[in-house]
Amino acid sequence: MSEARAQEADTPAIVIDKVTKHYGPHRALDDVELSVAKGEVVVIIGPSGSGKSTLCRTINRLETVDSGRILVNGQPLPAEGRELAQLRASVGMVFQSFNLFAHRTVLENVTLGPMRVRGLSAKAARRRALELLERVGVHEHAYKMPAQLSGGQQQRVAIARALAMDPEVMLFDEPTSALDPEMVSDVLDVMRALAEGGMTMVVVTHEMGFARSAADRVVFMDGGRIVEQAEPEAFFAAPKSERARDFLAKVLQH
């Protein structure tokens, strides 16, 4: 491997460097530092209002930051324009709400981005979309409208749509919190398969079972700061901070 390629392989997928973000007087992110290696699955947990979703949304500039910097594959986030569109193509995002185009079929939802942004032909985009819909378990719904699908099925379509852009990183912001409990496991199974396949993932979630089983590292946030981070086994067995111990005592009772 050449020195340049070795250096590229060693470059973290994401670097968050002393990032601060305010909403008026409220400091949503307070001097946050985090690095995510290529192929790593980082799960961010913490109480509501701790800054988890804000941090996730800064990585593809859905939220701007007041100070600090964010690098994706060694490059600073572009401010706007074509470069920002390209960044968002390489950093897929799945939200709490599915955000599918209601007036387009499932298949059209998945093919639109690759054709418009990546320049794929209709035939190539369709072939790739059908492969991905099969991978996430909703292949038979390709020609339905989103409203004809359950919430869990729509969220799996949203994951397929993000994957259709061939992203290098996937961001998940509370992807199961709007779902009925029986639909949650299907979506988490798709995410586990992605993690096992080596996808770089940053996941904000309340699903402690997923954090325990799929994460390479658990990051615990509170008050806009990263309080502690560790491998799942160490974190769940013996969290170091009192705040994390209190949080786990509450959420693991249910």
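Residues numbered from 1 in each chain as written. Predicted model: local features only at pLDDT ≥ 70, side-chain atom pairs only at ≥ 80, totals over all residues. Heavy atoms only, no water.

Looking up the protein in an unreviewed UniProt entry gives the name Amino acid ABC transporter ATP-binding protein, with the organism given as Ancylobacter mangrovi. For the record of the protein, the UniProt heading Subcellular location (unreviewed entry) holds the text "Cell membrane". The record in UniProt for the protein states the following under Sequence similarities (unreviewed entry): "Belongs to the ABC transporter superfamily." (UniProt positions renumbered as here; feature names shortened; annotations may be inferred.)

Turning our attention to the confidence of the model for the protein. Per-residue confidence for the protein gives a mean pLDDT of 90; residues scoring 70 or more make up 96%. No element of the protein has a lower mean pLDDT than helix 1 (residues 3-10), at 56, and none a higher one than strand 3 (residues 41-45), at 97. (pLDDT = per-residue confidence, 0-100. Helix = DSSP H or I, 4+ residues; strand = E, 2+ residues; numbered from the N terminus.)

Turning next to the sheet that holds strand 2 (residues 26-36). The sheet built from four strands is open, its strands ordered 2-1-4-5 with antiparallel pairing. Of all strands in the sheet, those with a lone pairing partner are strand 2 and strand 5 (75-76), marking the two edges. (Pairing = 2+ DSSP bridges.)

What follows is about the packing of helix 4 (residues 106-116) against helix 5 (residues 122-135). It is at 9 Å that the axes of helix 4 and helix 5 come closest, and there the two elements cross at 125 degrees. By the angle between their axes, helix 4 is oblique relative to helix 5. Two packed elements cross with a definite hand, and for helix 4 against helix 5 that hand is right-handed. For the pair helix 4 and helix 5, contact is made by Val106, Leu107, Val110, Thr111, Pro114 and Met115 and by Ala122, Ala125, Arg126, Ala129, Leu130 and Leu133, respectively. Here the contact of helix 4 with helix 5 is composed, by residue class, of ten nonpolar, one polar and one charged. (Axes fitted to C-alpha atoms, helices over the stretch in contact; angles between N-to-C directions. Parallel < 35°, antiparallel > 145°, perpendicular 65-115°, else oblique. Left-handed = near helix turned anticlockwise from the far one by under 90°. Contact = heavy atoms within 4.5 Å. Nonpolar A, V, L, I, M, F, W, Y, C, P; charged D, E, K, R; others polar.)

Next up on the list: the pairing of strand 3. On a regular strand, one side chain projects to one face of the sheet and the next to the other, so that they alternate. Burial of strand 3 is extensive: five of the five residues sit out of reach of the surface. Neither face of strand 3 is open: one carries Val41, Val43 and Ile45, the other Val42 and Ile44, and all of them are buried. In the sheet, strand 3 pairs with strand 8 (residues 200-204) via four bridges, with the strands oriented parallel. Note that in strand 8 the partner of Val43 across the bridge is Val203. Direction of pairing for strand 3 relative to strand 9 (residues 217-222): parallel, over a ladder of four bridges. Residue pairing in the sheet places Ile44 in a bridge with Val219 of strand 9. (Buried < 20%, exposed > 50% of the residue type's maximum accessible area, 1.4 Å probe, protein only.)

Attention now moves to the environment of His26. With respect to the helices, strands and loops of the structure, His26 is situated in strand 2. Residues His26 and Gly223, spaced 197 residues apart in sequence, show a C-alpha to C-alpha distance of 10.0 Å.

Residue placement: Arg156 occurs in helix 6 (residues 151-163). Residue class for Arg156 comes out buried when judged on its relative accessible area of 11%. Not counting the four nearest positions on each side in its chain, Arg156 is found in contact with Val136, Gly137, Val138, Asp186, Val187 and Val190.

The six strands are arranged 6-7-8-3-9-10 in an open sheet whose pairing can be described as mixed. Bordering the open sheet on either side are strand 6 (91-94) and strand 10 (225-230), each of which pairs with just one other strand. For this sheet the average axis-to-axis angle between neighbouring strands, irrespective of direction, equals 20 degrees. Bridge count between strand 9 and strand 10: five bridges; the pairing is antiparallel. Bridged to Met221 within strand 10 is Ile226. Sitting on the sheet, helix 3 (residues 81-90) touches strand 6 and strand 7 (169-173), and the angle it makes with strand 6 is about 65 degrees. Of the strands in this sheet, strand 3, strand 7 and strand 8 touch helix 7 (residues 181-196), which is tilted by about 145 degrees from strand 8.

Quick look at the pattern of salt bridges now. The full count for this structure, using the stated rule, is twelve salt bridges. Between Arg27 and Asp30 there is a salt bridge, with its nearest N and O atoms 2.9 Å apart. Arg27 sits in the partly exposed class, given a relative accessible area of 39%. A relative accessible area of 16% places Asp30 in the buried class. One salt bridge connects Glu63 with Arg57, and the closest N-O pair in it is separated by 3.5 Å. According to the relative accessible area criterion, Glu63 is buried, its value standing at 17%. (Salt bridge = Lys/Arg side-chain N within 4 Å of Asp/Glu carboxyl O.)

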